[in-house]
Amino acid sequence: KQEVTQIPAALSVPEGENLVLNCSFTDSAIYNLQWFRQDPGKGLTSLLLIQSSQREQTSGRLNASLDKSSGRSTLYIAASQPGDSATYLCAVDRDDKIIFGKGTRLHILP
Amino acid sequence: NAGVTQTPKFQVLKTGQSMTLQCAQDMNHEYMSWYRQDPGMGLRLIHYSVGAGITDQGEVPNGYNVSRSTTEDFPLRLLSAAPSQTSVYFCASSLTAQGNGYTFGSGTRLTVV
């Protein structure tokens, strides 16, 4: 059974710092991995989608990497801003369903 | 494009009542699914559909019914609401079941009293 783990569960960093969020999964046979952002009381916004054949994807200050063989993905956020404060979720796609981690709650201190 | 539209945004039900949560997408996506999100439990799959006329159970299907008569719509029915079904419900869609990424609706916050 696929399990997705995100560490840490919560993180507070000063504005301007670069930071890394981690995601690990137990079964490497995935179609893709997707990172989402969720603001309090809101829905999920897709940030980056990495296909199983890819190693990384970039969008603005965000960079996500994927290492299928080790079952790991990282989301790198450069030059963090208070507006980056949110919960970040990773999800792996396999067998007609996506499995989510429980998220990392990020707080950027002004 | 509207994307994935969920209605209503908020709902309060009494125990034993029934209701339908609506989900519609205008992207011609084959795959649609329903999740519930609870504190400490994360997002859990309730039901999903890989195309019109095809549905299957996810991780937590009990107490919920679905049908998929059109590509655009995937309603979730609560047959007899229970307090344990108090949650935030999200609908998601994808072009196909594999590898295309998912688009989520804005959610329905349901309280059962």
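Further up the page is the structure itself.
Residues numbered from 1 in each chain as written. Chains lettered and ligands numbered in written order. Predicted model: local features only at pLDDT ≥ 70, side-chain atom pairs only at ≥ 80, totals over all residues. Heavy atoms only, no water.

This part takes up the state of the cysteines. Residue and element names in this part refer to chain A. The tally for this structure, following the rule as stated, stands at two disulfides over all chains. Between the sulfur atoms of Cys23 and its disulfide partner Cys90 the distance amounts to 2.0 Å. Negative torsions about the S-S bond denote left-handed disulfides, and the value of about 75° found for Cys23 with Cys90 makes this one right-handed. Here the residue Cys23 occupies a position in strand β3 (residues 19–25), and Cys90 occupies one in strand β9 (residues 86–94), the gap between them amounting to 67 residues. Relative accessible area serves as the criterion here: at 2%, Cys23 is assigned to the buried category. Residue Cys90 is classed as buried on the basis of its relative accessible area of 0%. (Disulfide = S-S within 2.5 Å. Helix = DSSP H or I, 4+ residues; strand = E, 2+ residues; numbered from the N terminus. Buried < 20%, exposed > 50% of the residue type's maximum accessible area, 1.4 Å probe, protein only.)

For the rest of this paragraph, the subject is the pairing of strand β4 (residues 31–38) of chain B. All names here are of chain B. Within β4, eight of the eight residues are buried, leaving the element largely enclosed by the surrounding structure. Taking every second residue as pointing to the same face, both faces of β4 are buried, with Tyr31, Ser33, Tyr35 and Gln37 on one and Met32, Trp34, Arg36 and Asp38 on the other. With seven bridges joining them, β4 and strand β9 (residues 87–94) adopt antiparallel strand pairing. When the bridges of β9 are listed, Met32 appears paired with Ser93. Note: β4 against strand β5 (residues 42–51), seven bridges, orientation antiparallel. Note that in β5 the partner of Tyr35 across the bridge is Leu45. Linkage of β4 to β5, two consecutive antiparallel strands, is achieved through a turn of three residues, within which Gly40 is found at a positive phi near 80°. (Pairing = 2+ DSSP bridges.)

All names here are of chain A. Spatially, β1-β3-β8-β7-β6 is the arrangement adopted by the five strands of the open sheet, whose pairing is antiparallel. In the strand order of this sheet, the two ends are held by β1 (4–7) and β6 (56–59), each with one partner. Strand-to-strand twist in this sheet, taken as the mean axis angle between neighbours without regard to direction, amounts to 15°. Sheet topology places β6 next to strand β7 (residues 62–67); four bridges connect them, and they run antiparallel. When the bridges of β7 are listed, Thr58 appears paired with Asn63. (Axes fitted to C-alpha atoms, helices over the stretch in contact; angles between N-to-C directions.)

A separate point is the interface of chain B and chain A. Between chain B and chain A, the residue contacts involve 20 residues of the former and 19 residues of the latter. Between chain B and chain A, roughly 1600 Å² of surface is buried when both sides are summed, and carbon and sulfur atoms account for 55% of that area. At the junction of chain B with chain A, the criterion picks out zero salt bridges. For the pair chain B and chain A, the interface holds four residue pairs in polar contact (both at pLDDT 80 or more). Looking at the side of chain B that touches chain A, the elements that each hand over two or more residues are β4 and β5 of chain B. Per element, the largest residue contribution to the side of chain B that touches chain A is four residues, and it comes from β5(B). Among the residues forming the side of chain B that touches chain A, the class breakdown is eleven nonpolar, eight polar and one charged. (Contact = heavy atoms within 4.5 Å. Buried area = accessible area lost by both parts, 1.4 Å probe. Salt bridge = Lys/Arg side-chain N within 4 Å of Asp/Glu carboxyl O. Polar contact = N/O pair within 3.5 Å; in protein donor to acceptor, adjacent residues only side chain to side chain. Nonpolar A, V, L, I, M, F, W, Y, C, P; charged D, E, K, R; others polar.)

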